[in-house]
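For reference, the chains in residue letters:
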Amino acid sequence: MHITALPFAVPLMAAALLVAVRHWSPRLVNDAVAAGVGVAVVAMLGILLARSIHAPIAYWMGGWRPSHSVTIGISFSIDPIGAGMAAFCAVLVTSALVYSWRYFEGADGLFHALMLIFMAAMVGFCLTGDVFNLVVFFELMGAVAYALTAYKIEERGPIQGAINFAISNSVGAYAIFVGIGLLYARTGALNMAQIGAALDGHHADALVIVAMALIFIGFLTKAAVIPVHFWLADAHAVAPTPVCVLFSGVMVELGIYAIARLYWTVFAGPLAAHAEELRAILIAFGTATALWGAVMCFAQRHIKRLLAFSTISHMGMFLCGIGLLSAHALAGVAVYVVGHGLTKGALFMLCGVLLHRFGTIDEQDLHGRGRILRFAGVLFAIGGLLLAAIPAVTVFFGKSLLDGAALEGRYPWLPAVFVISSMFTGGAVLRVAGGVFAGWGRPWAGGAAEQVAPAREEYDEEGISRDRTPPLMIIVPAVLLAAAILIGLIPGAVPGIERAASHFHDHAAYVGWVLRGGRPGFAPAATTHVEAYDYLYAAGATIGALALAGLALFGRPLRRRLPAMLLRPLVAAVGGLRELHSGHIGDYIAWWTAGAALLGGSSLMLLT
Amino acid sequence: MSFLPFAVAAWLFVAGLYGVVSSRNLIRTILSLTVVQSATYVLLLGVGYRHGGRAPIFADIPQVSTAVDPVVQVLVLVDIVVEATVTALLLALAVQAHKRFGSLDPNDLRTLRD
């Protein structure tokens, strides 16, 4: 029996049903149907994942199989990385749905329907083997995400956030459209394997390079890489909490996934001679993003915005990992994405607890007030430590793979970038944990006053504050954090992902199993071990994060003694960075154009 | 093959971007976005065009002459559907923005800044 298309079709049909009966169906039915569909999709994707580990699956819609290696139909080309990513999306959507049982008071079936369509789009995006389907799922995912961002349509923040998000991402999607049009003009194909086969053996000329640059800049927009990242902080700051969980946890990561997928299926052949230069370009973008996000993260007082910049910093790390263009780095990113997504999801859910209880998400306002939420505070601190990649948790294994690949790939300074990113993003969360939940230090006076209004405005409609937190709102993030700690420790999980990544990056084998079917002959995958220096880096990042948090909470006397000569340029530089995040859509698109020109120009110069 | 459609597509893309960047009114911003998107229509139709090609209708007519590529026309149709959705959503947001901010000028949308 074919269940291949069901994980995509079932949530869509359920969503249509929920919308159709939304005037009659009680809240409980909506919740039960949505969560039930979520669990069913997770189960189906689990089966697909298990099957694809055995042998990758090429499923042709309507039975339009390729004849003589020429594709006519549309395929789902499912390998373990794609199926795993889809399953991860479904897990997070289901968790967010369960979490939101008690979060929204007034949500009717529309919210559940949007979440289910969002899940369907993400699942389709991960499974498809066709570039045009990829961009259609990308647009579907986008349209639903814009609507979800503006779910509280009567408030100012969500309106502006959704407008910035929608316009930035639409421009990105149109760039992808143009890129795909150019690839179609060259190859006459839309199936990734077929395009890859057609381009193999040819040198990449200007047309292929321009197509690549346009497609990559579009997906980098979704992945929030500087200078096309501006929408992310705006959208994350204002979207409902269960939606933020999905945005940060999986949606932006899918941008990186698409770049990896398209590079290894389509561009790996023609660009084989210029891999070194492409590596340099992607790592340059990634490094800038990782550092920029890290600094901006620490400078925030709106806690959801803080987490948003932390996500940007991590996206920089992931882009560096993908940019290393090696199987080990790819495996590292895959492990890291899972650990990061679970952690970040849990942290957003805990922000939701704060919002639910106090009606504000401003760090300074909340100082010390979180003491009554002791368990949530402990979870928040654990989340901070996980972001700092302390030894022997899931992200640590991902990071050790990345470190190893960076050293192999002659980028020995990359681990330092990763350590800085972990330090700042982990340190910022620990600072919040110490200030808000423990009441340590004095209220932090940094950050811009402009942020305060939206931070307070957000919860107006739902009542000011409440006396108790529903247990589910604590249990779900606790489970996610437990998973974020334990998944990497499951015997065979990390080596399994390494094997899957090695198959993912086998260009010739992909073309073979999609176009000709049958079991591909993969090269045996080499697995790696955690080295002593990985523990050293992790210890450095953990101590650095704790030190930064401590400095922010208790360092006031120390900061005052710093010479103004040292402090003033630092403050001015951070202030300058903040100025750029103006919230003005025209500015964002000007930056987008600059980013596209930068990527296109450097690609044309270095890759032809 | 003529370069004209490609030049027009590039021009539309850049002109639309300029419109979004320079706009002082959200409605104009959204319409400029549709100009960016129309670049993709022109490009795709240009890709599929064949000299002397006929409409790709194969039923009831003798198949002697060449036809233009139907695949890109399907892609354009999908593209238009997507555009209709996103534009409708954006216009609804613009209406809300006007209600809540009392203005359609992006300079007056001031809740989110760093």
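Just so we're clear, the structure is a prediction, and the values are computed from it rather than from any experiment. Residue numbers restart at each chain and count upward from 1, following the sequence in its written direction. Lettering of chains starts at A and numbering of ligands starts at 1, both following the order in which they are written. pLDDT decides what is reported in this predicted model: residues at 70 or higher carry local features, side-chain atom pairs at 80 or more are listed and counted, and totals for whole chains, interfaces and linings draw on all residues regardless. Side-chain metrics in this entry use all non-hydrogen atoms of the structure; hydrogen atoms and water are not considered.

**A look at the overall build of chain B**
- When you go through chain B residue by residue, the secondary structure sums to 3 helices and 0 strands.
- Radius of gyration (C-alpha) of chain B: 19 Å, far over the 13 Å computed for a compact globule of 114 residues.
- By principal-axis analysis of the C-alpha atoms, chain B measures approximately 60 × 30 × 20 Å.
- The classification of residues rests on relative accessible area computed with a 1.4 Å probe and restricted to protein chains. Under 20% of the type maximum is buried, over 50% is exposed, and intermediate values are partly exposed. For chain B, buried positions account for 43% of its 114 residues.
- Contacts in chain B between residues at least 24 apart in sequence constitute 54% of all its contacts with a sequence separation of at least 6.
- Within the structure as shown, chain B displays about 6,000 Å² of accessible surface, and the carbon and sulfur contribution to it stands at 69%. Every helix listed is a DSSP run of H or I at least four residues long, and every strand listed is a run of E at least two residues long, numbered separately from the N terminus. This radius of gyration counts C-alpha atoms alone. The globule rule is 2.2 Å times how many residues there are, raised to the power 0.38. By definition in these notes, contact holds between two residues if any of their heavy atoms fall within 4.5 Å. Residue exposure ignores everything except the shown protein chains as possible cover, and the areas themselves are Shrake-Rupley values with a 1.4 Å probe.

**A closer look at the overall build of chain A**
- Along the backbone of chain A there are 24 helices and 2 strands.
- The C-alpha atoms of chain A give 23 Å as radius of gyration, which agrees with the globular expectation for 608 residues (25 Å, within 12%).
- Projected onto its principal axes, the C-alpha coordinates of chain A cover approximately 70 × 65 × 50 Å.
- Within chain A, contacts between residues at least 6 apart in sequence are counted, and of these 84% link residues at least 24 apart.
- About 19,600 Å² of surface is accessible on chain A, with carbon and sulfur atoms providing 69% of the total.
- Across chain A, the 35 positively charged side chains and the 32 negatively charged ones have centroids separated by 7 Å. Positive residues here are Lys and Arg, negative ones are Asp and Glu, while His and the chain termini are left out of the count. By convention, charge coordinates are those of NZ in Lys, CZ in Arg, CG in Asp, or CD in Glu.

**Remarks on the packing of helix α6 (residues 156–187) of chain A against helix α8 (residues 206–222) of chain A**
All names here are of chain A.
- With axes taken as lines fitted to C-alpha atoms, and helix axes fitted only over the stretch in contact, angles between N-to-C directions fall between 0 and 180 degrees. Following both chains from N to C, one finds α6 and α8 inclined at 155 degrees, their axes separated by 8 Å at the closest point. As far as their axial angle goes, α8 and α6 are roughly antiparallel. As for how α6 packs across α8, the hand of that crossing is left-handed. Taken together, the residues of α8 that come into contact with α6 (itself represented by Phe-165, Ser-168, Asn-169, Gly-172, Ala-175, Ile-176, Val-178, Gly-179, Ile-180, Leu-182, Leu-183 and Arg-186) are Leu-207, Val-208, Val-210, Ala-211, Leu-214, Ile-215, Ile-217, Gly-218, Phe-219, Thr-221 and Lys-222.
- Taken together, the residues that form the contact of α6 with α8 break down as 15 nonpolar, 6 polar and 2 charged. Under this scheme an angle from 65 to 115 degrees is roughly perpendicular, one under 35 degrees roughly parallel, and one over 145 degrees roughly antiparallel; angles in between are oblique. We call a crossing left-handed when the near helix sits turned anticlockwise from the far one by less than a right angle, and right-handed when that turn is clockwise. Note on residue categories: nonpolar means Ala, Val, Leu, Ile, Met, Phe, Trp, Tyr, Cys or Pro, charged means Asp, Glu, Lys or Arg, and polar means any other residue, Gly included.

**Points about the packing of helix α13 (residues 327–358) of chain A against helix α18 (residues 472–486) of chain A**
All names here are of chain A.
- Interaxial distance between α13 and α18 falls to 8 Å at its minimum, and their mutual angle equals 160 degrees. By the criterion of interaxial angle, the relationship of α13 to α18 is roughly antiparallel. In this structure, α13 crosses over α18, and the sense of that crossing is left-handed. Counted together, Gly-339, Leu-342, Thr-343, Gly-345, Ala-346, Met-349, Leu-350, Gly-352, Val-353 and His-356 of α13 and Met-473, Ile-474, Val-476, Pro-477, Leu-480, Leu-481, Ala-483 and Ala-484 of α18 form the full contact between these two elements.
- Split by residue class, the contact of α13 with α18 holds 13 nonpolar, 5 polar and no charged.

**Looking at the nonpolar core**
- Of all hydrophobic cores here, the largest spans 250 residues; its most connected members are A:Phe118, A:Phe125, A:Phe219, A:Met251, A:Tyr263, A:Phe267 and A:Phe380.
- Ignoring sequence-local partners within four residues, the contact set of A:Phe219 consists of A:Phe125, A:Leu134, A:Phe138, A:Ile176, A:Gly255, A:Ala258, A:Ile259 and A:Leu262. Definition of nonpolar core: a set of buried residues of the types Ala, Val, Leu, Ile, Met, Phe, Trp, Tyr and Cys, connected through side-chain atoms within 4.5 Å.

**A short note on the environment of A:Asp362**
All names here are of chain A.
- Of note, Asp-362 is situated in the loop between α13 and α14 (374–387).
- Asp-362 gets classed as buried once you look at its relative accessible area, which sits at 0%.
- As for Asp-362 and Arg-301, which are separated by 61 residues in sequence, their C-alpha atoms are 5.9 Å apart.

**Concerning the interface of chain B and chain A**
- Each partner contributes residues to the interface: chain B has 37 residues there, and chain A has 51 residues.
- Put simply, a salt bridge is a Lys or Arg side-chain nitrogen that is within 4 Å of an Asp or Glu carboxyl oxygen. Across the contact surface, chain B and chain A share 1 salt bridge.
- Note that B:Arg100 is salt-bridged to A:Glu154, the shortest N-O span being 2.4 Å.
- Two N or O atoms form a polar contact when they lie within 3.5 Å of each other; inside protein one atom must be a possible hydrogen donor and the other a possible acceptor, and for residues adjacent in sequence the pair counts only when both atoms belong to side chains. Where chain B packs against chain A, one counts 7 residue pairs in polar contact (both at pLDDT 80 or more).
- Elements with a contribution of two residues or more to the side of chain B that touches chain A: α1 (4–22), α2 (26–48) and α3 (70–101) of chain B.
- It is α3(B) that contributes the most residues to the side of chain B that touches chain A, 15 residues altogether.
- Of the residues that constitute the side of chain B that touches chain A, the class distribution is 24 nonpolar, 7 polar and 6 charged.

**So, the packing of aromatic side chains**
All names here are of chain A.
- Think of it this way: a Phe, Tyr or Trp ring, Trp meaning its six-membered ring, pairs with another when their centres are within 6.5 Å, and the plane angle makes it stacked under 30 degrees, edge-to-face over 60, tilted otherwise. In total, this model carries 26 aromatic pairs over all chains according to the counting rule given.
- Taking NZ or CZ as reference, Lys-222 lies 5.1 Å from the ring centre of Phe-138, over its face.
- Directly above the ring of Phe-298 sits Arg-431, whose terminal nitrogen or CZ lies 4.9 Å from the centroid. Each ring is checked for a lysine NZ or an arginine CZ that lies within 6 Å of its centre and within 35 degrees of its normal; such an atom marks a charge sitting over the ring.

**Considerations on the pattern of salt bridges**
All names here are of chain A.
- Summed over all chains, the structure comprises 10 salt bridges over all chains.
- Residue Asp-362 is joined to Arg-301 by a salt bridge in which the shortest nitrogen-to-oxygen separation is 2.8 Å. Placement of Asp-362 in the loop between α13 and α14 and of Arg-301 in the loop between α11 (275–298) and α12 (303–323) is noted, with a sequence separation of 61 residues between them.
- Arg-301 sits in the buried class, given a relative accessible area of 8%.

**Brief notes about unusual backbone geometry**
All names here are of chain A.
- Cis geometry is adopted by the peptide bond preceding Pro-227, which originates at Ile-226 and carries an omega value of 0 degrees.
- Summarising the element assignment, Pro-227 is placed in the loop between α8 and α9 (230–238).
- Phi is positive for Ala-224, which is not a glycine, with a value near 60 degrees.
- By the element assignment, Ala-224 lies in the loop between α8 and α9.
- A relative accessible area of 0% places Ala-224 in the buried class.

**Some points on the side chain of A:Thr187**
Residues and elements named next belong to chain A.
- Here Thr-187 is to be found in helix α6.
- Polar contacts involving the side chain of Thr-187 include one to the main-chain carbonyl oxygen of Leu-183, which spans 2.8 Å.
- Aside from chain neighbours lying at most four places away, what touches Thr-187 is Ile-195, Ala-198 and Leu-199.

**With respect to a nonpolar patch on the surface**
- Each patch is built from residues lacking any salt bridge and having more than 30% relative accessible area; the joining distance is 9 Å for like charges and 5 Å for nonpolar side chains (Val, Leu, Ile, Met, Phe, Trp, Tyr). Residues A:Phe375, A:Val378 and A:Ile382 make up a contiguous nonpolar surface patch of about 250 Å² in total accessible area.
- Within the secondary structure layout, A:Val378 lies in helix α14.

**Side note on the side chain of A:His274**
Residues and elements named next belong to chain A.
- Secondary-structure assignment places His-274 in the loop between α10 (241–267) and α11.
- For His-274, a relative accessible area of 12% corresponds to the buried category.
- Setting aside anything within four residues of it in sequence, one finds His-274 in contact with His-203, Leu-606, Leu-607 and Thr-608.

**Thoughts on the confidence of the model for chain A**
- Averaged over all residues, the pLDDT of chain A is 89; the fraction at 70 or higher stands at 95%.
- Confidence over residues 460–464 of chain A falls short of pLDDT 50; this stretch has 9 contacts with residues more than four positions distant or in other chains. The predictor attaches a confidence to each residue, and that confidence, scored 0 to 100, is pLDDT.

**Some thoughts on the environment of A:Ala16**
- One can find A:Ala16 in helix α1 (residues 6–20).
- Along the sequence, A:Ala16 and A:Gly63 sit 47 residues apart, while their C-alpha atoms lie 26 Å from each other.

**A short note on the confidence of the model for chain B**
Residues and elements named next belong to chain B.
- With 95% of its residues at a pLDDT of at least 70, chain B reaches an overall mean of 88.
- The least confident element of chain B is α3, whose mean pLDDT is 92; the most confident is α1, at 94.
- Under the prediction, the complex receives an ipTM of 0.94, its pTM being 0.94.

**A look at helix α4 (residues 109–127) of chain A**
- Relative to the 27 Å expected for 19 residues at 1.5 Å per residue, α4(A) spans 27 Å between its end C-alpha atoms, a close match to the ideal helical length.
- Counting buried residues along α4(A), 16 of its 19 residues qualify, which places the element largely inside the surrounding structure. For a helix, the expected span equals 1.5 Å multiplied by the residue count minus one.

**Regarding the environment of A:Ala198**
Residues and elements named next belong to chain A.
- With respect to the element layout, Ala-198 can be found in helix α7 (residues 192–199).
- Classification of Ala-198 by relative accessible area gives partly exposed; the value is 32%.
- For the pair formed by Ala-198 and Trp-101, sequence separation is 97 residues and the distance between their alpha carbons is 50 Å.

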